[in-house]
Every structure is written in C-alpha cells, then in structure tokens.
Amino acid sequence: MSVAGKIEDLAPGERIYSARFDGDIAYFVTYRQTDPLFCADLSDPENPVILSELKIPGFSEYLHKFSDGLLLGIGKHDNGFLKLSMFNTSDKTAVYEEAMEIIRGEYYSEASYDHHAVLVDSEKNLIAFPGSYNYFVYSYTDGAFKRLAALPLYEYSYYTRGLYIGEYLYVCTSGRITSYSLDGFAHCDSVTFDVQE
C-alpha cells in the first residue's frame with residue numbers, strides 16, 4: 001500500500017480520538033486541551049482538504065451519523081463526565097455543535113472503546129448506550145437531547161449491548177437479559193444465567 005494523500009501539521013501534539021467516514025467526507029476528533037472536530041473533503045484522495053474546524057471543551061470518542069446533516073458524538077466533557085454532542089454538518093464549511101448533554105455522575109461508558117455498545121436508530125429516534133451504573137436511552141428532537149430512561153445495570157459487565165425487537169428493548173449483560181417496553185420503558189422481564197469461564 002502507498003500513501004495517496006495526507007494532511008500535515010493539523011493538530012500538533014494531539015492524537016485522533018475518533019473518526020467517521022461519510023462518502024467523500026471524513027470527520028475526526030483530536031484532543032489535548034480542547035476538542036477539535038475536523039471536517040475534511042476526501043473526494044480528491046491525493047489532495048484532501050479541511051473544510052471546517054470546530055473547537056469545544058472535551059472530546060468525542062465515538063462518532064455516528066445520526067441523519068443527513070447531523071453527527072452524534074459520545075465522549076467526555078472537560079469535567080470528566082460523559083457528554084453527548086450533536087453536530088450540525090449541513091454546511092460542511094461551518095460545522096457547529098447544535099446541542100450538548102452532560103451526564104453528571106457518569107464518568108465511563110463502554111461506548112468509548114467499543115462501537116458495539118452503542119444503539120443508534122434515527123428512524124425510531126433512539127440513542128442508547130451503557131454507563132457505569134445505568135443503560136441510558138435518549139432521543140433527539142427540536143435541537144435537544146431528551147433522556148427517555150436510565151435503566152439500572154444490575155452487575156458490572158465488560159459487554160453490555162442493547163437491541164430492540166418490535167416494541168421491546170433488550171439490555172444484555174454478561175449474566176442477564178432484561179426486557180423493557182419501548183413505550184415508557186417499563187420493566188417487562190429478566191432472565192439470568194451463569195457465565196461459563
């Protein structure tokens with residue numbers, strides 16, 4: 001393999017925390033003291049071009065295209081708490097943070113290093129992921145995040161996953177599967193099992 005093109009001296013002393021490719025557009029986040037979100041045009045691979053740069057406190061460790069013109073970020077605020085960001089990318093030359101949600105009391109999410117831990121469905125308007133003690137469910141409407149539920153995680157698990165089937169949400173950990181109604185997130189049922197080493 002050979003290098004087709006590169007962007008140099010972009011953020012000296014910083015490292016890339018997350019990246020997301022969308023056709024000829026790439027979004028990536030670097031971090032040292034602020035959170036630069038870069039939007040780059042890769043349509044000419046030999047001459048990639050930075051279209052815009054946004055600096056905000058904290059950093060996003062996970063990026064996900066939520067819908068046309070919206071990019072979801074999950075990461076940390078400068079105070080260490082988990083943070084949700086929704087970036088407006090409708091104008092690639094002027095990307096901005098449309099909304100932010102700081103989840104106080106939560107410092108950790110498996111989403112920070114494993115994308116399988118994140119459930120995003122823009123058609124159902126669901127954003128879900130685990131924290132240390134709760135499985136969080138959000139929606140995004142009218143330029144704001146809305147917390148729909150903070151479902152308890154009954155044990156620590158390295159692998160927490162969420163999925164929905166029909167009108168039910170299932171939260172799966174290493175020793176339990178719990179179902180909830182998507183209409184109000186009432187607890188429906190749980191099954192526990194022994195984990196074999």
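Preceding block: the structure.
To start, this report covers the structure provided alongside it.

Another point: the pairing of strand E5 (residues 59-67). Bridging between E5 and strand E6 (residues 70-76) involves seven bridges; their strand directions are antiparallel. Residue pairing in the sheet places Phe59 in a bridge with Lys76 of E6. Counted along the chain from E5 to the antiparallel partner E6, the turn is two residues long, and its residue Gly69 has a positive phi close to 90°.

On to the pairing of strand E12 (residues 144-152). Across eight bridges, the pairing between strand E11 (residues 134-141) and E12 is antiparallel. Residue pairing for E12: Ser139 is matched across the bridge by Lys146. Between E11 and E12, which follow one another and run antiparallel, lie two residues, and Asp142 among them has a positive phi close to 55°.

Further remarks concern the side chain of Glu61. Tracing the backbone through its elements, the reader meets Glu61 in strand E5. Buried and without a salt bridge, Glu61 has Lys76 as its closest oppositely charged side chain, separated by 4.5 Å. A polar atom in the side chain of Glu61 sits 2.7 Å from the side chain of Ser112. Ignoring any residue separated from it by four or fewer positions in sequence, one finds Glu61 in contact with Tyr17, Ser18, Ile74, Gly75, Lys76 and Ser112.

Bringing the pattern of salt bridges into the picture now. A pair can form between side chains of opposite charge whenever their charged atoms are brought close. Scanning the model with the defined rule gives eight salt bridges in all. Residue Glu97 pairs with Lys83 through a salt bridge whose shortest N-O separation is 3.6 Å. One end of the pair, Glu97, is in strand E8 (residues 96-103); the other, Lys83, is in strand E7 (residues 82-88), with 14 residues separating them in the sequence. Three or more residues are tied together by salt bridges with common partners; here these are Asp22, Lys65 and Asp68.

Reading guide: rules and limits
- Throughout this document, residue positions are counted from 1 along each chain, in the order its sequence is written.
- Thresholds applied to this predicted model are a pLDDT of at least 70 for local features of residues and 80 or more for the giving and counting of side-chain atom pairs; totals over whole chains, interfaces and linings are not thresholded and use all residues.
- In computing side-chain values, all of the structure's heavy atoms are included and hydrogens and water are not.
- By the convention used here, strands pair only if DSSP detects at least 2 bridges between them.
- Helix numbers and strand numbers start at the N terminus; a helix is a DSSP run of H or I with at least 4 residues, a strand a run of E with at least 2.
- Exposed residues in this analysis have more than 50% of their type's maximum accessible area, buried residues have under 20%, and partly exposed residues fall in between, with area computed by a 1.4 Å probe over protein chains only.
- This count recognises Lys and Arg as positive and Asp and Glu as negative, with His and chain-terminal groups excluded.
- Take a side-chain nitrogen of Lys or Arg and a carboxyl oxygen of Asp or Glu: if they are within 4 Å of each other, that pair is a salt bridge.
- Distance and chemistry together define a polar contact, namely a pair of N or O atoms within 3.5 Å, with one atom able to donate a hydrogen and the other to accept it when in protein, and with adjacent residues in sequence counting only for side-chain atoms on both sides.
- Contacts are assigned to residue pairs that have any heavy atoms within 4.5 Å of one another.

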